[in-house]
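# Reading the structure
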Amino acid sequence: MPKKPKVAVWKFASCDGCQLSLLDCEDELLAVAGAIEIANFPEASRAVIKGPYDISLVEGSVTTPHDAERIQEVRRVSKFLITIGACATAGGIQALRNFKDVKEFISIVYAKPEYISTLEKSTPIAEHVRVDFELRGCPVNKYQLVEVINAFLNGRKPNTPTYSVCVECKRRGTPCVMVAHGTPCLGPVTQAGCGAICPAYHRGCYGCFGPKETPNTSSLSAWWRRLGVKEQDLVRAFRGFNAYAEPFRKESEAYEQKQ
Amino acid sequence: MSRNSKTIRVDYLARVEGEGALYVKVRENKVADVKLKIFEPPRFFEAFLRGRSFTEAPDITARICGICPIAYQMSSCHAMEDVCGVKVDGQLRALRRLIYCGEWIESHVLHVAMLHAPDFLGYESAIHMAKDHSDLVKKALKLKKIGNDLVTFLGGREIHPINVRVGGFYKVPTKRELQGLVEDLKWARDASYDLALWTGTLEFPDFEQDYEFVALRHPDEYPFNEGRLVSTKGLDIAIREYEEYFVEEHVEHSNALHSVLRRRDLPPQSPSLKGRGSTPPSLGEGLGERSGNYFVGPLARYNINFDKLPRSVQKAAKDAGLGPVCKNPFQSIIVRSVETLYACEEALRIISEYEMPERPSVEVHPRAGVGCGCTEAPRGILYHRYRIDDQGTILDAKIVPPTSQNQKTIESDLWHFVPKNINLSKDQLTWKCEQAIRNYDPCISCATHFLKIEIERE
């Protein structure tokens, strides 16, 4: 019997939700666990098998000097390094510090700022090491996660679309919330993958899968303005869970300057 | 090092949510030091909530924890509705309880079967356990999935649901749609009864302390979203009085902010937080003897609200070997299973009485002020307080999650638990200590935004 591929899960600054997606694959978990060797997954197991690993799944962003060193080590022991979720891929919600003075942030939350060791910015993994694949989402879609693991184990490219949420709405038969109800929606500039959940629940997309390929953010902003959205609310909209992803960051900065 | 000395060091606690470590020092067969260290990096939620809209709090604070996002959404919604003077009741209130049932089921079963049970049976993980206990693990996975399905149905997805908003929901289900969940929930009810019986057969160390349990208590129901904060040692206060009684204390040995409960037999030392708009008392420096640790979560809820459980659930608890009071934290695994059963029954009750409300949410207009909310997350009370202006912009936020409230009690347990097990081998004792920590189902991802971090570098 050939040796099973070794998979490791690593956590950086995050909420644990993306790695939880693995445990939320209730129907697939035992089958997946049968096909791979879960070599390092502290959230689920106290057993640790030494590297190197065939696949490393990395959750979370880099926010401390220690983590900036640790990600180098993770890269060194990993054949393929896959980032899972908005934190690892774009810096996450904690990247909101990148727009402010982090020292001020520390003093708001902590009484003794000198004890806190943190970096100025929350940055995606790819700013530190080479990344083989980035899976989007806050949280990731668990079916996409299984697809990505499957693809890497079988030496093929993952089948995850880079088009917008709008395509998923059309496929799902959801009437456009922006056209039909005048509800501001980030769907036109946001990458598909969630299954267009928000519009199906009568609310606008809030961009948790990050920018789609070549998004026209300024055109969408103009449409939002026509719907009566204030500039400060546009800044907030682009400054969400993927605030530091370049197209969203630039758009929020453009409107911040206009204010 | 003498034969009677040992150091237990768990550099990365497994099967908890987040990154923590344990350090226990034993000298001359006595515990010399216990440190539950948190090295999860800080994420500064309370800081970046400033300047955001009050309507964004449920979606943003959900990201504190991927395991209990509903709890964050509920506490933040209630706090915002408190500021704005809005009450959400009727079927919308019932739907909030219903989605919370889903979260309790998925979170409790995750912990019972996948994180905690392996300790009792001596496996490294549920996946290792599945090789010998395939039926148990498969059944638990199905049960967990039904909890997740309920959250997904009402919330859009199981992690960071999108359908919860200040004032209610974006979309509410029809009566017929909800009926679709009934068959699964009936199966889940039976399965959680079986799970409770099974957990009752596990072997428990003889261990209890004189805890002060704290939970919400509501006159009519087992608590989720509302009630008074009640303890087993006489505390009985409104949620908005929380900060008069609970203080975050700076503990020197761990550099961590621990939440402590003031002693009520002594006059208050810090200025109290009466009325709205005042600032909370400063960190409880020097409270020392004036305050104590306390215990939140399933055990606390159970001990305080046993009489509010339906007869059938009380009977199930009895069948699993529990009385109306349970003080052994290792038996929290039974209590979680009993609460899972309750969540299934409550979900079925809510569905049977459901009528689709006319509107999915109550309109909420911002007004300047301070408001707070406290709800029962799977791991215990989760307190939020916000100050907003008349445009709805958040000026100030405070969030106290269950794990930071239990942290001091966890350490206290270890101080008492280690001496009783001092003759075990180092490996066995280490594992037992881990198990004692997992009794609390600690969620370090939650706790971290509020804890001092000690990062050691050599």
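Residues numbered from 1 in each chain as written. Chains lettered and ligands numbered in written order. Predicted model: local features only at pLDDT ≥ 70, side-chain atom pairs only at ≥ 80, totals over all residues. Heavy atoms only, no water.

### Digging into the overall build of chain B
Within chain B one finds 15 helices and 14 strands. Residues counted as buried form 66% of the 458 residues belonging to chain B. Of the roughly 16100 Å² of accessible surface on chain B, 47% is carried by carbon and sulfur atoms. (Helix = DSSP H or I, 4+ residues; strand = E, 2+ residues; numbered from the N terminus. Buried < 20%, exposed > 50% of the residue type's maximum accessible area, 1.4 Å probe, protein only. Areas by Shrake-Rupley, 256 points an atom, 1.4 Å probe, with all protein chains shown as cover.)

### Concerning the domain arrangement of chain A
Residue and element names in this part refer to chain A. As far as domains go, chain A holds domain 1 (6–153) and domain 2 (165–258). Contacts between domain 1 and domain 2 engage 19 residues on the former and 17 residues on the latter. Of the roughly 1400 Å² buried where domain 1 meets domain 2, counting both sides, 61% is carbon and sulfur surface. Counting the surface domain 1 buries against domain 2, the share from its top three residues, Phe99, Arg136 and Cys138, is 43%. (Domains from an automatic or database assignment. Contact = heavy atoms within 4.5 Å. Buried area = accessible area lost by both parts, 1.4 Å probe.)

### Some points on helix α6 (residues 134–155) of chain B
Here α6 of chain B is 22 residues long and its end C-alpha atoms lie 31 Å apart, about the 32 Å a rise of 1.5 Å per residue gives. Backbone geometry just downstream of α6 of chain B places Gly156 of chain B in the positive-phi region, at approximately 100 degrees. (Expected span 1.5 Å × (residues − 1).)

### A word on the environment of Ile388 of chain B
All names here are of chain B. Looking at where Ile388 falls in the secondary structure, it is placed in strand β13 (residues 380–388). The class for Ile388 is buried, based on a relative accessible area of 1%. Ile388 has contacts with Phe54, Met80, Val83, Cys84, Pro366, Arg367, Ala368, Gly369, Thr393, Ile394 and Leu395, leaving out every residue within four places of it along the chain.

### Here's the deal with the packing of helix α10 (residues 217–226) of chain A against helix α12 (residues 246–258) of chain A
Residue and element names in this part refer to chain A. Here α10 crosses α12 at 45 degrees, and the two axes come no closer than 10 Å. By the angle between their axes, α10 is oblique relative to α12. The handedness of the crossing between α10 and α12 is right-handed. Between α10 and α12, the residues in contact are Thr217, Ser218, Ser221, Ala222 and Arg225 and Pro247, Phe248, Glu251 and Tyr255, respectively. A breakdown of the residues in the contact of α10 with α12 according to their chemical character gives 4 nonpolar, 3 polar and 2 charged. (Axes fitted to C-alpha atoms, helices over the stretch in contact; angles between N-to-C directions. Parallel < 35°, antiparallel > 145°, perpendicular 65-115°, else oblique. Left-handed = near helix turned anticlockwise from the far one by under 90°. Nonpolar A, V, L, I, M, F, W, Y, C, P; charged D, E, K, R; others polar.)

### Some thoughts on the sheet that holds β13 of chain B
All names here are of chain B. Judged by pairing direction, the sheet is antiparallel, and its 3 strands sit side by side in the order β12-β13-β14 without closing on themselves. Two strands in the sheet have a free side with no partner beyond their single neighbour: β12 (369–377) and β14 (394–400). Ignoring which end each strand starts from, the neighbouring axes of this sheet average 15 degrees apart. Of the strand pairs in this sheet, β12 and β13 are connected by 9 bridges, and their pairing is antiparallel. By the bridge assignment, Cys374 is partnered in β13 with Tyr383. (Pairing = 2+ DSSP bridges.)

### A closer look at the interface of chain B and chain A
The partner chain A presents 63 residues to the 72 residues of chain B that form the contact. In total, about 5800 Å² of surface goes out of reach between chain B and chain A, with carbon and sulfur atoms giving 62% of it. Salt-bridge contacts for Lys145 of chain B lead to Asp27 of chain A; the nearest nitrogen and oxygen are separated by 3.3 Å. At the surface where chain B touches chain A, the tally comes to 26 residue pairs in polar contact (both at pLDDT 80 or more). Elements that contribute at least two residues to the side of chain B that touches chain A include exactly α1 (45–48), α2 (57–62), α4 (90–121), α5 (126–130), α6 and α14 (426–438) of chain B. The leading source of residues in the side of chain B that touches chain A is α6 of chain B, at 9 residues. Grouping the constituent residues of the side of chain B that touches chain A by class yields 32 nonpolar, 18 polar and 22 charged. (Salt bridge = Lys/Arg side-chain N within 4 Å of Asp/Glu carboxyl O. Polar contact = N/O pair within 3.5 Å; in protein donor to acceptor, adjacent residues only side chain to side chain.)

### Structural notes on unusual backbone geometry
Gly51 of chain A connects to Pro52 of chain A through a cis peptide bond whose omega is 0 degrees. Mapped onto the elements of the fold, Pro52 of chain A is located in the loop between β2 (37–40) and β3 (53–59). Cis geometry marks the peptide bond from Cys138 of chain A to Pro139 of chain A, where omega comes out at 5 degrees. At Ala196 of chain A, a residue that is not glycine, the phi angle is positive and equals roughly 50 degrees. Within the secondary structure layout, Ala196 of chain A lies in the loop between α8 (177–181) and α9 (197–200). Unusually for a residue other than glycine, Phe44 of chain B sits at a positive phi of about 65 degrees. Its relative accessible area of 0% is what places Phe44 of chain B among the buried residues.

### Here's the deal with the sheet that holds strand β7 (residues 228–231) of chain B
All names here are of chain B. If you trace the 3 strands from one edge of the open sheet to the other, you get β6-β7-β8, paired in antiparallel fashion. Looking at the sheet topology across the chains shown, the edges are occupied by β6 (214–217) and β8 (236–237). Both β7 and β8 contribute to a ladder of 2 bridges, which runs antiparallel. Paired with Val230 across the bridge in β8 is Asp236.

### Structural notes on the pairing of β3 of chain A
All names here are of chain A. Most of β3 is tucked away, with 6 of its 7 residues classed as buried. Where β3 and strand β4 (residues 78–84) come together, 6 bridges link them in parallel fashion. When the bridges of β4 are listed, Ser56 appears paired with Leu81. Between the parallel elements β3 and β4, the chain passes through helix α3 (residues 65–76) in a crossover that is right-handed. (Right-handed = clockwise from strand over helix to strand, strands pointing away.)

### Some details on the nonpolar core
Within the largest apolar cluster, 173 residues are counted, with the highest numbers of intra-cluster contacts made by Leu57 of chain A together with Leu98, Met114, Tyr302 and Tyr386 of chain B. It is α4 of chain B that provides the largest number of residues to this core, a total of 17 residues. Leave out the neighbours within four places in its chain, and Leu98 of chain B touches Leu150, Leu154, Leu178, Ala347, Ile350 and Ile351 of chain B. Judged by nonpolar contacts, the second largest core, of 18 residues, contains Cys185, Val189, Phe238 and Phe248 of chain A. (Core = buried A, V, L, I, M, F, W, Y, C linked by side-chain atoms within 4.5 Å.)

### Structural notes on the packing of aromatic side chains
As enumerated under the stated definition, the model contains 24 aromatic pairs over all chains in all. On the numbers, 5.8 Å between centres and 75 degrees between planes, the contact of Trp10 of chain A with Tyr53 of chain A is edge-to-face. Of this pair, Trp10 of chain A sits in strand β1 (residues 6–11) while Tyr53 of chain A sits in strand β3; the two residues are 43 residues apart in sequence, bridging distant segments of the chain. The residues Trp10 of chain A and Tyr53 of chain A share a single accessibility class, namely buried. Counting every residue linked through ring pairs, the aromatic cluster contains Tyr100, Trp104, Tyr222, Phe224 and Tyr342 of chain B. The aromatic ring of Tyr255 of chain A is capped on one face by Lys258 of chain A, whose charged end is 4.2 Å from the ring centroid. (Phe/Tyr/Trp six-rings, centres within 6.5 Å; stacked < 30°, edge-to-face > 60°. Lys NZ or Arg CZ within 6 Å of the ring centre and 35° of its normal.)

### As for the state of the cysteines
This model, assessed by the stated rule, comprises 0 disulfides over all chains. Here Cys25 of chain A is not disulfide-linked; the sulfur of Cys18 of chain A is the nearest cysteine sulfur, at 12 Å. (Disulfide = S-S within 2.5 Å.)

### Looking at α12 of chain A
All names here are of chain A. Between its first and last C-alpha, α12 extends 18 Å over 13 residues, near the 18 Å set by a 1.5 Å rise per residue. Restricting attention to buried positions, one finds in α12 the residues Phe248, Glu251, Ser252 and Tyr255. When α12 is viewed along its axis, its buried side chains cluster within an angular range of 95 degrees and face the same direction. Along its buried surface, α12 packs onto α10 and α11 (231–238). (Arc of directions from axis to C-beta.)

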